[in-house]
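Architecture and fold: a report
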Amino acid sequence: MANYSIRITGIVNGVLQLSDNGTTNVDPGDTVTWSISPNSGVASITGIVDNSTVDVFNPDPASQGNGSWMGTVNPNIARGSLETYTINYTSSANEVCSFDPKIQVNR
């Protein structure tokens, strides 16, 4: 099992800039960690949730208490699937926002 680290590096026109360019390639059972880069314009992550009928993460991602979040890709997710999830966050300007990146499950 691998651990993929995704850094939130900025916000451009309401779109989060992510170190993986918005798509993470994973295998079932891999872990994903999201963290915020300094001066990114993001004050905090408030949630990471599935936004489809597919249970992308199992268990659901949770705060690690240090500003980062970690989740495990559902070990039973279909190989080859491309799923969208939502990062809910608060901007440095105290705006409540969300962004929908993708998880690509390797074949």
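The text that follows walks through the structure, step by step, so that each part is easy to find. (Residues numbered from 1 in each chain as written. Predicted model: local features only at pLDDT ≥ 70, side-chain atom pairs only at ≥ 80, totals over all residues. Heavy atoms only, no water.)

In this structure the tally under the stated criterion is one salt bridge. Here R79 makes a salt bridge to D27, at a shortest N to O gap of 3.0 Å. With R79 in the loop between β7 (69-72) and β8 (82-91) and D27 in the loop between β3 (23-26) and β4 (31-36), this pair connects stretches of sequence that are 52 residues apart. Taking the relative accessible area as the measure of exposure, R79 reaches 47% and is therefore partly exposed. Residue D27 is classed as partly exposed on the basis of its relative accessible area of 26%. (Salt bridge = Lys/Arg side-chain N within 4 Å of Asp/Glu carboxyl O. Helix = DSSP H or I, 4+ residues; strand = E, 2+ residues; numbered from the N terminus. Buried < 20%, exposed > 50% of the residue type's maximum accessible area, 1.4 Å probe, protein only.)

Alternating residues of strand β2 (residues 15-18) divide into L16 and L18, all buried, and V15 and Q17, none buried. Examined bridge by bridge, strand β1 (residues 3-12) and β2 share four bridges and lie antiparallel to one another. Directly across from V12, in β2, lies its bridge partner V15. Counted along the chain from β1 to the antiparallel partner β2, the turn is two residues long, and its residue N13 has a positive phi close to 50 degrees. (Pairing = 2+ DSSP bridges.)

This brings us to the side chain of S91. Mapped onto the secondary structure, S91 falls in strand β8. Overall, the relative accessible area of 5% leaves S91 in the buried class. Sequence-distant contacts of S91, defined by excluding residues within four places in its chain, comprise I11, G41, V42, A43 and C97. (Contact = heavy atoms within 4.5 Å.)

On to the sheet that holds strand β6 (residues 62-63), then. The strands making up a sheet associate through hydrogen bonds between their backbones, and the pairing can be parallel or antiparallel. Ordered by their spatial adjacency, five strands build an open sheet running β2-β1-β4-β7-β6, and the pairing between neighbours is mixed. Both edges of this open sheet fall to β2 and β6, since each of them pairs with a single strand only.

Per the counting criterion, the structure on display carries three aromatic pairs. Ring geometry for W34 versus F57: centroids 5.5 Å apart, planes at 80 degrees, classification edge-to-face. With W34 in strand β4 and F57 in the loop between β5 (42-50) and β6, the pair connects residues that are 23 residues apart, well separated along the chain. Aromatic pair F57 and Y85: ring centres 5.4 Å apart, planes at 90 degrees, arrangement edge-to-face. One end of the pair, F57, is in the loop between β5 and β6; the other, Y85, is in strand β8, with 28 residues separating them in the sequence. (Phe/Tyr/Trp six-rings, centres within 6.5 Å; stacked < 30°, edge-to-face > 60°.)

Attention now moves to the environment of C97. Locating C97 in the fold gives a position in strand β9 (residues 96-99). Note: C-alpha distance between C97 and S40 (57 residues apart in sequence) is 14 Å. Non-local contacts of C97, meaning those with residues more than four positions away in its chain, are made with I87, N88, Y89 and S91.

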